[in-house]
Amino acid sequence: MALNAARRVTRADGRGQSARSFARHTDRFARRQIQPGVLRSPRDGRRPVLDSVFSRHRPTEGCASEVDFVASLSLEFDRLEMPIAPEERPSRAARARASAPSALSTATNSQLALHLPSELPSLEIEPEWKDQQRLWGHSFHPMCSYLASFPASLAHAFIARYTRPGDVVLDPFSGRGTTPLQACAEGRVGAGNDLNPFAHILTGAKVDPPTKADVKIRLATLRLAWVASSGEWNALADRIVADPGSDVLVPAPGSRPISGTPTDRSASGSIPVRPDTSVPAEVTLAFHPRTLAQLLYLRAGLDPDDRTDRFLLATLTGILHGKSASYLSAVMPNTFSMAPRYVRDFVARTGFHSPERDAFDLLEDKLRRLYRQPPPTTRGIALLGDARDAGVRFREALHDRGLPERARLVVSSPPYLRVVKYGYYNWLRLWLLGYDASAIDDLLDDAHHHDAYIVFMREVLSGLRSALADDAVIALVIGDVEMDRGRPAAGGVGLAESVWEMAAAPEGYRLAGIALDDVAAGRKMTKLWGDEAGQATKLDRILILATSEAGRRRAINGASLPIDWDWPPRRPRAL
Ligand SMILES: C[S@@+](CC[C@H](N)C(=O)[O-])C[C@H]1O[C@@H](n2cnc3c(N)ncnc32)[C@H](O)[C@@H]1O
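Residues numbered from 1 in each chain as written. Predicted model: local features only at pLDDT ≥ 70, side-chain atom pairs only at ≥ 80, totals over all residues.

Colleague: Can you break down helix α12 (residues 307-318) residue by residue, with the values?
Modeller: Taking 1.5 Å per residue as the helical rise, α12 with its 12 residues ought to reach 16 Å, and the 17 Å between its terminal C-alpha atoms agrees with that figure. Judged by how many residues are buried, α12 sits mostly within the fold: 11 of 12 residues are covered. For α12, the full list of buried residues reads Thr308, Asp309, Arg310, Phe311, Leu312, Leu313, Ala314, Thr315, Leu316, Thr317 and Gly318. In this structure, the buried residues of α12 make contact with α8 (197-207), α9 (212-242), α11 (289-301), α14 (359-370) and α16 (427-433). (Helix = DSSP H or I, 4+ residues; strand = E, 2+ residues; numbered from the N terminus. Expected span 1.5 Å × (residues − 1). Buried ≥ 20, exposed ≤ 12 C-beta atoms within 10 Å, placed from the backbone. Contact = placed C-beta atoms within 7 Å.)

In structure tokens form, the structure reads like this:
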């Protein structure tokens, strides 16, 4: 739980998440504040930015809609359960713009190879992960959607080739925990780190889950306590709904432990209990009053530092919004939060009322799906902090557990160049968890331009080195970014090559090769709008590095090894 004090995320308190605050937030984006950075050593504990501009931007600039903006991503998105409603579709003009043929969109695989600078070797890894079923992998993976996550099958392609049971597998940008969970499910020690507290909760829930019995008992306890106190919570929700955006205060997340909650753990946790807060108007508009009452109760009662409650909270984020009856709000798709302004306008324009949904019933259904497979028997590690110093913290955490301190494999996908705002696009889930979306966006390294990004990656690779075995293999999924807010992105294509030349090579890494992964078109979110939409990003490149010549040879020799794609495995897996 090491989190540099200077980078600690503040939870929304007082009126921090109100409509007014969101408007201020949007204005600040629009003003595009630029702060010149300064060079700092990765070891001095402060935020290191060399020659960089730290740009806080309006995420939708240059895009027809929020949807259009996010559609330009290439890594896997969680599939929406239902097509996006017509009113959420980008305009005809936007789709026409997006469908303009790009060199990459029309290229064949062999043509794609031509985009690699000739001096960099390509590594032939058959992208079999694309042939696997949509939900391939452990049943905990689809707990909650997460922007630009990669499929569990991709993690498996590397875990199976480059590790044995008991080995440590790292991901310094773990997102929703795909790599560490899949590693644990295959008997490896999966360790993830992320600076986004939402990602940390998802990763922690997956790699250190409660037993099925524990979670069932806890849910039954919560239901019983709800029956006893529902009158009070319903009355509170009714007051809020009567005047959306008003100053009516509600108990802060984790501040009203429900019987059975091991409250002694809250005090030592990473998230301090905060004062009571008001509910932003957009949150109120998103839920039926009875559902809102249950959410306020669960939000106040669940303790994110407790294993079972954390799992329930993470599961709750996954069913918070979506376009089917399995979700608590129908106002937006499951994949990401539509903008608060969009929610207000949509509700005003259509007279939308979210249907009444029972949080306990839907939680129970989702838990049944998640526990379709038994939890992994190997427990993993979830750290909250900056990837730049993740190496030291990984080693400490592994040491504390008496595990090998050096990893044989890293499978990771660093943030994209100015493509995803992990706070902004998860604002409703972050409200549930008690965090301020804009504070998270200020904290993360997803808004760098090319040069600052390269410096960032160099610092990350430098910091990681101490946690890597002598023959470690490092697979970094780095997508091309063709467009930046409607304009061609400087240095966005061939970013993986730049990371090699300017970040990894100077830090003494060896290059095994670059594997190309033309976008899994069938899984793209843009598929919902037809094949023609969202051509902004077409190619993910997997940069495969090693810490030594032995590691480089291991990476090359392992690339063509056949692996077992049965899931769940029929027999214990080994190399
Ligand atoms: C492309 S996503 C990783 C997704 C992940 N592979 C998955 O499957 O869910 C990149 C992640 O980097 C995180 N991030 C951004 N800046 C960071 C930093 N300085 N340190 C650690 N994590 C950071 C973001 O919160 C985000 O979760």
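From this point, the narrative continues.
Colleague: Requested: an account of the packing of helix α18 (residues 450-464) against helix α19 (residues 495-504), with residues and values cited.
Modeller: One can describe the packing of α18 onto α19 by two numbers: an axis separation of 9 Å at closest approach and a directional angle of 60°. In terms of orientation, α18 lies oblique with respect to α19. The two elements α18 and α19 cross, and the hand of that crossing is right-handed. Contact residues: Ile454, Met457, Arg458 and Leu461 in α18; Ser498, Val499, Met502, Ala503 and Ala504 in α19. Grouping the constituent residues of the contact of α18 with α19 by class yields 7 nonpolar, 1 polar and 1 charged. (Axes fitted to C-alpha atoms, helices over the stretch in contact; angles between N-to-C directions. Parallel < 35°, antiparallel > 145°, perpendicular 65-115°, else oblique. Left-handed = near helix turned anticlockwise from the far one by under 90°. Nonpolar A, V, L, I, M, F, W, Y, C, P; charged D, E, K, R; others polar.)

Colleague: Would you mind going over the site of the ligand in detail, with residue names and values included?
Modeller: Surveying the vicinity of the ligand reveals 20 residues, the closest of which are Ser149, Gly175, Thr178, Asn196 and Ala387. Of the residues contributing to the shell around the ligand, the split by class is 10 nonpolar, 5 polar and 5 charged. (Near = placed C-beta within 6 Å.)

Colleague: Explain the pairing of strand β7 (residues 381-384) to me, and be specific about the residues and the numbers.
Modeller: The two faces of β7 match: Ile381 and Leu383 on one face and Ala382 and Leu384 on the other face are all buried. Relative to β7, strand β4 (residues 189-194) is paired through 4 bridges, and the arrangement is parallel. Each residue of the ladder has a partner; that of Asn193, found in β7, is Leu383. (Pairing = 2+ DSSP bridges.)

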